[in-house]
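One-letter residues, chain by chain:
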Amino acid sequence: GESRAPARSARDRSDPAGIRSAHRSVDPADLICPRRAGGVRVAGMAGTIRIGFLGCGYIGDFHAAMLADCGDGHVIGAVFDPDGERAAKFAEKWRGTPVTGVDEVIDRSDAVFVCTWTSEHADMVRRAAARRRHVFCEKPLAFDARAAAAMAETVGAAGIVAAVGLILRTTPAMLALREMLADPASGRIMNIVFRDDQYIPCLLYTSDAADEEDSVD
């Protein structure tokens, strides 16, 4: 007869590959958002965390806005961008201090957000790790898996907290896609085309999702 995959519990169906449990160890919001974490929890660090920014473009501005929503517990300090005017505008908006180079940002920070071109990620993460500064690095970490693995080894050897913003991997659409790929009923996968226009219908993007979620018994 036709073979069937074993039945899955509701928990397994909502997290088919164990993604949520496997990636709980590092949550950058817990480092700097007292409202979520009940206070600053970075080992050996007390008081207000100084956040430095390397790269002050669109994605840097986005992360600064998310940090602002966290409330107290951190300040945006030194910031740097090759475009001095852009860095100055960013610093004025977020009450930071524009500086003249990467090392100055790292030296004046407890944690650093790397929001630059992908080509610069490895070098900036390495320099932050050498000074034992915690790091949040934008995605993608690198252009290939080997370089990304080397970055992971660097931060691991330094004993720092390092995170990368893979924000879509646990959204309902991605979890459903992963489950379909893992289902034997799908057969041998020949090709996958996935177009992400940043408006996948899920709780992350729908404006009234929070109200709907609150109304569920």
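Reading guide: rules and limits
- Residues numbered from 1 in each chain as written.
- Predicted model: local features only at pLDDT ≥ 70, side-chain atom pairs only at ≥ 80, totals over all residues.
- Heavy atoms only, no water.
- Helix = DSSP H or I, 4+ residues; strand = E, 2+ residues; numbered from the N terminus.
- Buried < 20%, exposed > 50% of the residue type's maximum accessible area, 1.4 Å probe, protein only.
- Contact = heavy atoms within 4.5 Å.
- Areas by Shrake-Rupley, 256 points an atom, 1.4 Å probe, with all protein chains shown as cover.
- Pairing = 2+ DSSP bridges.
- Right-handed = clockwise from strand over helix to strand, strands pointing away.
- Expected span 1.5 Å × (residues − 1).
- Arc of directions from axis to C-beta.
- Axes fitted to C-alpha atoms, helices over the stretch in contact; angles between N-to-C directions.
- Parallel < 35°, antiparallel > 145°, perpendicular 65-115°, else oblique.
- 1 Å grid on protein atoms, 1.4 Å probe; cavity = no way out; pocket = protein on both sides within 12 Å on 5 of 7 lines; lining within 4 Å.
- Points joined across faces, edges and corners; volume = space filled by probe spheres on them.
- Nonpolar A, V, L, I, M, F, W, Y, C, P; charged D, E, K, R; others polar.
- Patch = residues over 30% accessible without salt bridge, like charges linked within 9 Å, V, L, I, M, F, W, Y side chains within 5 Å.
- Salt bridge = Lys/Arg side-chain N within 4 Å of Asp/Glu carboxyl O.
- Phe/Tyr/Trp six-rings, centres within 6.5 Å; stacked < 30°, edge-to-face > 60°.

Caption draft 1: Focus on the overall build of the chain. When its secondary structure is counted, the chain shows eleven helices and six strands. In the chain, which comprises 217 residues, the proportion classed as buried is 34%. In the chain, 62% of the contacts between residues at least 6 apart in sequence involve partners at least 24 apart. Of the roughly 13,700 Å² that the chain leaves accessible, carbon and sulfur atoms contribute 52%.

Caption draft 2: Main features of the pairing of strand E5 (residues 134-137). Both faces of E5 are covered, namely the face carrying His134 and Phe136 and the face carrying Val135 and Cys137. Judged from the four bridges that link them, strand E4 (residues 111-114) and E5 form a sheet pairing that is parallel. By the bridge assignment for E5, Ala111 is matched with His134. This β-α-β element, E4 to helix H8 (residues 118-130) to E5, shows right-handed connectivity.

Caption draft 3: Spotlight on H8. Compared with the 18 Å implied by 1.5 Å per residue over 13 residues, the 19 Å span of H8 between its first and last C-alpha is a close match. Among all positions in H8, only Thr118, His121, Met124, Val125, Ala128 and Ala129 are buried. Viewed along the axis of H8, the buried residues span an arc of 130°, placing them on a single side of the element. Buried-residue contacts for H8 involve strand E1 (49-54), helix H7 (102-107), E4, E5 and helix H9 (145-158). Phi for Arg132, located one or two positions after H8, is positive at around 55°.

Caption draft 4: Highlighting the packing of H8 against H9. Two elements in contact, H8 and H9, have axes separated by 9 Å at closest approach and are oriented at 10°. Here H9 runs roughly parallel to H8, going by the angle between their axes. Contacts from His121, Ala122, Val125, Arg126 and Ala129 in H8 reach Met151, Thr154, Val155 and Ala158 in H9.

Caption draft 5: Structural context of the layout of surface pockets. Estimates place the volume of the second largest pocket at around 220 Å³. Forming the walls of the second largest pocket are 15 residues, and the residues nearest its centre are Gly55, Asp81, Pro82, Thr116 and Trp117. Secondary structure elements with two or more residues in the lining of the second largest pocket: helix H5 (58-68) and H8. Its residues assigned to classes, the lining of the second largest pocket shows eight nonpolar, three polar and four charged.

Caption draft 6: Quick look at a nonpolar patch on the surface. The grouping of Leu181, Ile189, Ile192 and Phe194 at the surface amounts to a nonpolar patch, some 330 Å² of accessible area in total. Residue position: Ile192 is located in the loop between helix H10 (172-182) and helix H11 (209-214).

Caption draft 7: Structural view of the packing of aromatic side chains. Scanning the model with the defined rule gives three aromatic pairs in all. Ring geometry for Phe53 against Phe113: centres 5.2 Å apart, planes inclined by 25°, an arrangement best described as stacked. Taken together, the residues Phe53 in strand E1 and Phe113 in strand E4 connect sequence positions 60 residues apart. Here Phe113 falls in the buried class, since its relative accessible area comes to 7%. Ring geometry for Phe113 against Phe136: centres 4.8 Å apart, planes inclined by 25°, an arrangement best described as stacked. Taken as a pair, Phe113 in strand E4 and Phe136 in strand E5 lie far apart in primary sequence, 23 residues in all.

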